[in-house]
Amino acid sequence: MLSDSIDVLGVMVDQKTRCVHYHTEKDVIAIKHRCCQTYYACIKCHLELANHEPAIWKKEQFNEKAVLCGVCQTELSINEYMASKFQCPYCKHEFNERCSLHYGEYFEVDSRNG
Ligand SMILES: [Zn+2]
Ligand SMILES: [Zn+2]
Ligand SMILES: [Zn+2]
């Protein structure tokens, strides 16, 4: 493993960034939170461990690398992640499509367009 791999915080986080809340074979991404510029396995981990309100990413910041594939440890920009069709563009591991139900907790989304 790379010695400079990115630290991901969370509750019972494993090597693929799965946590106590989301731990299927597909729950392999971690998300950097705008409020603290820190990767957490999920928003619930942030809720339990961070002592502040989460801040979501604004649309004009979607070029920021804020999504980490826990399988290949590659950082994706939010735009890349949104366009990924729930599959890592680098290692081709599947992402959990149900994450899209929670986009609004992490990213600014256009509710009119779903
Ligand atoms: Zn935070
Ligand atoms: Zn979690
Ligand atoms: Zn990957």
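Predicted model only: the values in this text are computed from it and were never measured.

Scoring rules and cut-offs
- Residues numbered from 1 in each chain as written.
- Chains lettered and ligands numbered in written order.
- Predicted model: local features only at pLDDT ≥ 70, side-chain atom pairs only at ≥ 80, totals over all residues.
- Heavy atoms only, no water.
- Donors = N, O, S within 2.8 Å, 3.2 Å for Na, K, Ca; no water.
- Tetrahedral: all angles 85-135°; square planar, octahedral: opposite > 155°, others 65-115°.
- Helix = DSSP H or I, 4+ residues; strand = E, 2+ residues; numbered from the N terminus.
- Buried < 20%, exposed > 50% of the residue type's maximum accessible area, 1.4 Å probe, protein only.
- Pairing = 2+ DSSP bridges.

K.L.:
I keep staring at the coordination of the zinc ion (ligand 1) and nothing clicks. Help me out?
P.N.:
Expected angles at a metal are 109.5 degrees for tetrahedral coordination by four donors and either 90 or 180 degrees for octahedral coordination by six donors. The protein atoms that coordinate the zinc ion (ligand 1) are Cys35 (SG), Cys36 (SG), His46 (NE2) and His52 (NE2), at distances of 2.1 to 2.3 Å. Each of the 4 donor atoms bound to the zinc ion (ligand 1) contributes to angles spanning 99 to 118°, and the resulting shape is tetrahedral. In terms of primary sequence, the donors binding the zinc ion (ligand 1) are separated according to C-C-x9-H-x5-H. With a gap of 10 residues between them, Cys36 in the loop between β2 (29–33) and β3 (38–40) and His46 in helix α1 (residues 43–49) connect regions that are remote in the sequence. Look at Cys36 and you get partly exposed, because its relative accessible area is 23%.

K.L.:
Even after reading the chapter, I still don't get the coordination of the zinc ion (ligand 3), so can you show me in this structure?
P.N.:
Within the protein, Cys69 (SG), Cys72 (SG), Cys88 (SG) and Cys91 (SG) serve as the donor atoms for the zinc ion (ligand 3), at 2.3 Å. Each of the 4 donor atoms around the zinc ion (ligand 3) contributes to a set of angles spanning 106 to 111°, which defines the coordination as tetrahedral. Sequence positions of the residues that donate to the zinc ion (ligand 3) give the spacing C-x2-C-x15-C-x2-C. You can see Cys72 sitting in the loop between β4 (65–69) and β5 (75–77) and its partner Cys91 sitting in the loop between α2 (78–82) and α3 (103–106), a full 19 residues away along the chain. For Cys91, a relative accessible area of 29% gives the class partly exposed.

K.L.:
Would you explain the pairing of β4 in this entry?
P.N.:
Counting buried residues along β4, 4 of its 5 residues qualify, which places the element largely inside the surrounding structure. Pairing of β2 with β4 involves 3 bridges; the strand directions are antiparallel. Opposite Ile29, over in β4, you have Cys69 as the bridge partner. Taken together, the 3 bridges between β4 and β5 define a ladder with antiparallel strand orientation. In the sheet register, Leu68 faces β5, and the bridge partner there is Glu75.

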